[in-house]
Amino acid sequence: MELITVVVPVYNVFPFLETCILSLCHQSYQKLEILLIDDGSTDGSGALCDDYARKDDRIRVIHQENRGLGAARNEGIRRANGVYIAFVDSDDWVSPTMIQELYQALKEQGAQLAVCDAYVTSEQGRVQKKMQNSLPVGMAIQLTSLPRLLLQPHVAWNKLYQKDLFDDPDIQYPARAWYEDFQVTTKLYTKTERIVFVDRPLYYYRLREGSIQNNGNLMRKREKIEAMEDILHYYQKYHLFSQYQKELEFLAILNVYYTPIMELIRIDPKHPLISDFSHYIKKRFPHYADNPYIKTLHWKKRLMFQLLQHGHLSFIRALFWGKQRYSRFLKARKTSFIQ
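What counts and what doesn't
Residues numbered from 1 in each chain as written. Predicted model: local features only at pLDDT ≥ 70, side-chain atom pairs only at ≥ 80, totals over all residues. Heavy atoms only, no water. Helix = DSSP H or I, 4+ residues; strand = E, 2+ residues; numbered from the N terminus. Buried < 20%, exposed > 50% of the residue type's maximum accessible area, 1.4 Å probe, protein only. Areas by Shrake-Rupley, 256 points an atom, 1.4 Å probe, with all protein chains shown as cover. Lys, Arg positive; Asp, Glu negative; His and termini not counted. Charge placed at Lys NZ, Arg CZ, Asp CG, Glu CD. Phe/Tyr/Trp six-rings, centres within 6.5 Å; stacked < 30°, edge-to-face > 60°. Axes fitted to C-alpha atoms, helices over the stretch in contact; angles between N-to-C directions. Parallel < 35°, antiparallel > 145°, perpendicular 65-115°, else oblique. Contact = heavy atoms within 4.5 Å. Nonpolar A, V, L, I, M, F, W, Y, C, P; charged D, E, K, R; others polar. Disulfide = S-S within 2.5 Å.

## A word on the overall build of the protein
Then, in step 1: For the protein, the helix and strand inventory stands at ten helices and nine strands.
Then, in step 2: If you line up the protein on its principal axes, its C-alpha atoms span 60 × 60 × 40 Å.
Then, in step 3: Looking at the 339 residues of the protein, the share that counts as buried comes to 52%.
Then, in step 4: Of the accessible surface of the protein, which amounts to about 16,600 Å², a share of 51% is contributed by carbon and sulfur atoms.
Then, in step 5: Side chains of the protein give 45 positive and 38 negative charges; the mean places of these two sets differ by 9 Å.

## Observations regarding the environment of Leu-207
Then, in step 1: Turning to its location among the elements, Leu-207 is positioned in the loop between strand 9 (195-206) and helix 6 (223-237).
Then, in step 2: Residue Leu-207 is classed as partly exposed on the basis of its relative accessible area, which comes to 28%.
Then, in step 3: Residues Leu-207 and Arg-126 lie 81 residues apart in sequence; the distance between their C-alpha atoms is 10.0 Å.

## Describing the packing of aromatic side chains
Then, in step 1: The full count for this structure, using the stated rule, is 18 aromatic pairs.
Then, in step 2: Here the aromatic rings of Tyr-161 and Phe-166 are separated by 5.2 Å at their centres, their planes lie at 65°, and the arrangement is edge-to-face. Neither residue differs from the other here; Tyr-161 and Phe-166 are each classed as buried.
Then, in step 3: Both rings, one in Tyr-235 and one in Tyr-244, keep their centres 6.1 Å apart while their planes meet at 85°; by these two values the pair is edge-to-face. Like Tyr-244, Tyr-235 is buried.

## So, the packing of helix 6 against helix 7 (residues 245-267)
Then, in step 1: Look at helix 6 against helix 7: their axes get within 11 Å of each other, and the N-to-C directions meet at 180°. It follows that helix 6 is roughly antiparallel to helix 7 by the angle criterion. Here Lys-224, Ile-225, Met-228, Ile-231, Leu-232 and Tyr-235 of helix 6 come into contact with helix 7, specifically with Leu-248, Leu-251, Ala-252, Asn-255, Val-256, Thr-259, Pro-260 and Glu-263.
Then, in step 2: For the contact of helix 6 with helix 7, the class distribution of residues is ten nonpolar, two polar and two charged.

## Re the state of the cysteines
What makes a disulfide is a covalent bond joining the sulfur atoms belonging to two cysteines.
Then, in step 1: Tallied over the full model, the rule gives zero disulfides.
Then, in step 2: Left unpaired, Cys-20 is separated from the closest cysteine sulfur, that of Cys-49, by 9.0 Å.
Then, in step 3: Overall, the relative accessible area of 0% leaves Cys-49 in the buried class.

## Quick look at the environment of Pro-9
Then, in step 1: Positionally, Pro-9 belongs in strand 1 (residues 4-10).
Then, in step 2: Separated by 36 residues in sequence, Pro-9 and Ser-45 have C-alpha atoms that sit 11 Å apart.
Then, in step 3: The contacts of Pro-9, once residues within four sequence positions are left out, are Ile-37, Leu-69, Ala-72, Arg-73, Val-88 and Ser-90.

Note that every value here comes from positions in space, so none of it alone points to a role or purpose.
Quick look at the structure:
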């Protein structure tokens, strides 16, 4: 058995941290190094990490001043002794067989990276939906033969990596930035010769009100533009832009146009960031509306995309409002029926 390092950045997640740590301690694959990177927690999370390190000698705790999720992951990579490395967020948890299944798939296919599906749960831990990749099962793939790999979920935490993939100085998580997974994963695929997919949800991603995904700081959504520019610069630097132009363009459409604008319309259809995102996509990709991947969107998203293109923001907001009211009506009716 080869040593596998699991890096867990920890910051003020005391109510959820024990569940995360226990899910790693109870893995069927036992030869683990569990690195808990306490990123300046102030709620007792650091002390809880120390408690578990005394109970399980596979756990090492690194306390550091707060430098953000990306910096904590980089520190974990730097301190890791394993041949392979995985990342688990400290408010999430994993299936008891996750590491073993990813490792076996990786070894069977001679791959450098293994990926699995995940469940998205509520803050209380109830499964809400499945986050699914659409990749071939039972065979190793690479970006050159499957460019749509770039369009799969870009999260860091549903994967097992050969550690030396991170030896490249271009493959580092940016510190104190949002969307750092987006930046790193899209670059990492270009360095990985063989990738294998495990068609099972083995990771549980807890969607919390206080998480980056749900943070109310709307202006930080503009960092999506900076993240996209960093990715494009990387692909241009390595002369890969023309080879993956359509995929990169669609990434920009989804991540720096459609999704953030839809999120903003729900809150304020006159928000200034809407104009920033619209100007960016039109300047960077003038012919974005002709991207062939748009046809792969669900018909409802294609309809919303058309409405967005033609500037019908108030109408889109009215559709969201009507959907919310209808959902509340159904919920109230169901509650009344039960009573």
